[in-house]
Amino acid sequence: MGPHPRLQRLTTHLLPVAGDDAGLDERHGYGHALRTQIEHGIVDYCGSRRGVTAFVHESEQDDSQATARNVDQAVTLIRDAISVPLDAR
């Protein structure tokens, strides 16, 4: 009979938080792995539409202001995606 996705009416936006920098993620393929496992493995399986995936890197740095800027940038990406109607994307 197979799965029956039930979340088609929803859009899922992801905000992954990583302690390392974006370069390390890229070199080791962590971002790609997360996208494969979460976006495809969970979001697609549930039938939800994929929204924005906005990473927060270097979440454990000593400079709290830099961390706050990283968080603000990621949240802005998601906020902007939410404020634009799906049919206008």
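Going by the structure above, here's the rest.
Values in this document were obtained by computation on a predicted structure and should not be read as measured data.

This next bit is on the overall build of the chain. On a plain count of helices and strands, the chain comes out with three helices and two strands. Start at the N end of the chain and walk to the C end: the helices and strands fall as β-α-α-β-α. Taken over 89 residues, the chain has a buried fraction of 21%. Expressed as a percentage of contacts within the chain between residues at least 6 apart in sequence, the contacts between residues at least 24 apart total 69%. Looking at the chain, you have 9 positive and 13 negative side-chain charges, and the mean spots of the two groups are 12 Å apart.

Scanning the model with the defined rule gives four salt bridges in all. Taken together, the salt bridges that share partners define one network made up of Arg35, Glu39, Asp44 and Arg50.

Below, the discussion takes up the side chain of Thr53. With respect to the helices, strands and loops of the structure, Thr53 is situated in strand β2 (residues 49-53). Side chain to side chain, Thr53 and Glu39 meet in a polar contact 2.5 Å long. Here Thr53 is in contact with Leu14, Pro16, Leu34, Arg35 and Glu39, once residues within four sequence places are set aside.

Moving on to the environment of Pro5. Structurally, Pro5 can be placed in the segment before β1 (11-14). Pro5 gets classed as partly exposed once you look at its relative accessible area, which sits at 35%. When the C-alpha atoms of Pro5 and Val43 are compared, they prove to be 9.8 Å apart, with 38 residues separating the residues in sequence. Not counting the four nearest positions on each side in its chain, Pro5 is found in contact with Tyr45, Cys46 and Gly47.

In this model helix α3 (residues 64-83) runs 28 Å from its N-terminal to its C-terminal C-alpha over 20 residues, within 8% of the 28 Å that 1.5 Å per residue would give. Among all positions in α3, only Ala66, Thr67, Asn70, Ala74, Ile78 and Ala81 are buried. Mapping the buried residues of α3 onto a view down its axis gives an arc of 120 degrees, with all of them on the same face. Projecting away from the buried face of α3 at angles above 90 degrees are the exposed residues Ser64, Gln65, Ile82 and Ser83.

Between its first and last C-alpha, helix α2 (residues 30-46) extends 22 Å over 17 residues, near the 24 Å set by a 1.5 Å rise per residue. Where α2 is concerned, the buried positions are Gly31, Glu39 and Val43. Positive phi shows up at Gly47, right after α2, with a value of about 90 degrees.

The rules behind the values
- Residues numbered from 1 in each chain as written.
- Predicted model: local features only at pLDDT ≥ 70, side-chain atom pairs only at ≥ 80, totals over all residues.
- Heavy atoms only, no water.
- Helix = DSSP H or I, 4+ residues; strand = E, 2+ residues; numbered from the N terminus.
- Buried < 20%, exposed > 50% of the residue type's maximum accessible area, 1.4 Å probe, protein only.
- Contact = heavy atoms within 4.5 Å.
- Lys, Arg positive; Asp, Glu negative; His and termini not counted.
- Charge placed at Lys NZ, Arg CZ, Asp CG, Glu CD.
- Salt bridge = Lys/Arg side-chain N within 4 Å of Asp/Glu carboxyl O.
- Polar contact = N/O pair within 3.5 Å; in protein donor to acceptor, adjacent residues only side chain to side chain.
- Expected span 1.5 Å × (residues − 1).
- Arc of directions from axis to C-beta.

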